[in-house]
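Fold and contact review
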Amino acid sequence: MEQLDITTRTIRTRGLVFEAETRTSPSPRIAPVLAIRAGGEGESTIRPQGEALLPVADVIGVRITGVSSPGDLPPDCSLVDLADGLAVVLDELGLQRVNILGTSHAGEIAYRFAIRYPDRTDHVVLTGANGHRPYLPPGTSPAVIAARVRTSRHDLADEVISRVLCMDPDRPVRGLTTLRWILNDLFHGAEDEHINQWSGCIQMLCDAPPRTGLSVPTLLVTGEHDIAIRPSDSRALAAMSSQAVFATLREADHWVILSHIREHLDLTRRFLLDEPLEHLPYLAELEHFPRQATAGPRP
């Protein structure tokens, strides 16, 4: 990919800190793409995203202190606060309308933005996200889990990883061995600050308002074997929305941006350009909502 202009701005509002890194397209055809960064989302995902999307749009990657960058969120910060903060980011960058992308917990922020600001949202792509509160073991809380991790990290590694990585031999996941190595390395290398940050983000999701359908063009995509965010819940959100597509990638679980990044970005680009999505070989499932009425038999 040729060298392109990159500018970085730090934007502060109501105790929140956003770092916006803008990559300028040489020939934009659609509204800018606002990509909310998830924790651990680095150059291995950012570079392919640029290669796929910069030919058609400016790409603004946004990191949020306390979510995807080190630091703390303001006390009692909510998803609504983060969505409103993103609106301020758009104002500061002079952007009226964007396509917005988010994966996992960053997808929940993108979802909340699209709910609150449909007039500023062109398309939204939610990956491994469904607007639903996370499932936790009975009698536990994010703070309790974080405390256990801090005191018994080695003993809990396999338990935690098994909750986010599909290891069922009857449900094949491409690159499973590599994914497990990456997650194990991240888990053991995480400092207490990162664990506290993760705990705060999960608690924010637990406190999220009840979900509601989206009114903007929406793509909900996940791996067919995602056990962290159930595909059925993502499909349910698509069914609640007025113009949505639900898709699953073959031989993938929650970590599609690591194991299936090329296919995921191809799907995203096609959706943003309003191109057909049928018959893509890497999709296990594809549904459009609302469903098109099928013609009955002729009398």
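Structure first, text after, so check above.
Report follows, based on the coordinates. (Residues numbered from 1 in each chain as written. Predicted model: local features only at pLDDT ≥ 70, side-chain atom pairs only at ≥ 80, totals over all residues. Heavy atoms only, no water.)

**Side note on the overall build of the protein**
Tallying secondary structure elements over the protein gives 10 helices and nine strands in all. Taking 19 Å as the expected radius of gyration for a compact globule of 299 residues, we find that the protein reaches 19 Å, a close match to that expectation. Along the first, second and third principal axes, the C-alpha set of the protein runs to 65 × 50 × 40 Å. Among the 299 residues that make up the protein, the fraction classed as buried is 49%. Within the protein, contacts between residues at least 6 apart in sequence are counted, and of these 75% link residues at least 24 apart. Once the 29 positive and 39 negative side-chain charges of the protein are each reduced to a mean point, those two points are 4 Å apart. (Helix = DSSP H or I, 4+ residues; strand = E, 2+ residues; numbered from the N terminus. Rg over C-alpha atoms; globule rule 2.2 N^0.38 Å. Buried < 20%, exposed > 50% of the residue type's maximum accessible area, 1.4 Å probe, protein only. Contact = heavy atoms within 4.5 Å. Lys, Arg positive; Asp, Glu negative; His and termini not counted. Charge placed at Lys NZ, Arg CZ, Asp CG, Glu CD.)

**A short note on the pattern of salt bridges**
Under the counting rule described, the total for this entry stands at 13 salt bridges. Here E92 and R9 are joined by a salt bridge, their closest N and O atoms 3.3 Å apart. Of this pair, E92 sits in helix 2 (residues 79–93) while R9 sits in strand 1 (residues 6–13), placing them 83 residues apart in sequence. A relative accessible area of 35% places R9 in the partly exposed class. Linking D233 and R230 is a salt bridge whose minimum nitrogen-to-oxygen distance equals 3.5 Å. Three or more residues are tied together by salt bridges with common partners; here these are D266, R269, R270 and E275. (Salt bridge = Lys/Arg side-chain N within 4 Å of Asp/Glu carboxyl O.)

**So, the pairing of strand 1**
With eight bridges joining them, strand 1 and strand 2 (residues 16–23) adopt antiparallel strand pairing. Across the sheet, the residue bridging to T13 is L16, located in strand 2. (Pairing = 2+ DSSP bridges.)

**Considering the sheet that holds strand 6 (residues 121–127)**
Spatially, the nine strands line up as an open sheet ordered 1-2-4-3-5-6-7-8-9, and their pairing is mixed. Edge strands, defined here as strands with exactly one partner in the open sheet, are strand 1 and strand 9 (283–289). Within this sheet the neighbouring strands show an average axis-to-axis angle of 15 degrees, counted without direction. Summarising the sheet, strand 7 (residues 218–223) and strand 8 (residues 244–249) pair through six bridges and their orientation is parallel. Residue pairing across strands places L219 opposite V245, the latter belonging to strand 8. Across the sheet, helix 1 (residues 43–53) lies against strand 2, strand 3 (33–36), strand 4 (59–64) and strand 5 (98–103), angled at about 150 degrees from strand 4, the strand it touches most. Against the sheet, helix 10 (residues 261–272) engages strand 3, strand 5, strand 6, strand 7, strand 8 and strand 9, with an angle of about 160 degrees to strand 6. (Axes fitted to C-alpha atoms, helices over the stretch in contact; angles between N-to-C directions.)

**Regarding the side chain of S259**
Locating S259 in the fold gives a position in helix 9 (residues 256–259). What makes S259 buried here is its relative accessible area of 14%. A distance of 2.7 Å separates a polar atom in the side chain of S259 from a polar atom in the side chain of H260. For S259, the residues in contact, after removing those within four places along its chain, are R174 and L179. (Polar contact = N/O pair within 3.5 Å; in protein donor to acceptor, adjacent residues only side chain to side chain.)

**Brief notes about the packing of helix 4 (residues 142–151) against helix 7 (residues 192–206)**
Put simply, helix 4 and helix 7 touch, their axes get as near as 9 Å, and they point 160 degrees apart. Comparing the axis directions of helix 4 and helix 7 gives the class roughly antiparallel. For helix 4 against helix 7, the interelement crossing comes out right-handed. On helix 7, the residues that touch P142, A143, I145, A146, V149 and R150 of helix 4 are D192, I195, N196, W198, S199, I202, Q203 and C206. Residue composition of the contact of helix 4 with helix 7, grouped by class: nine nonpolar, three polar and two charged. (Parallel < 35°, antiparallel > 145°, perpendicular 65-115°, else oblique. Left-handed = near helix turned anticlockwise from the far one by under 90°. Nonpolar A, V, L, I, M, F, W, Y, C, P; charged D, E, K, R; others polar.)

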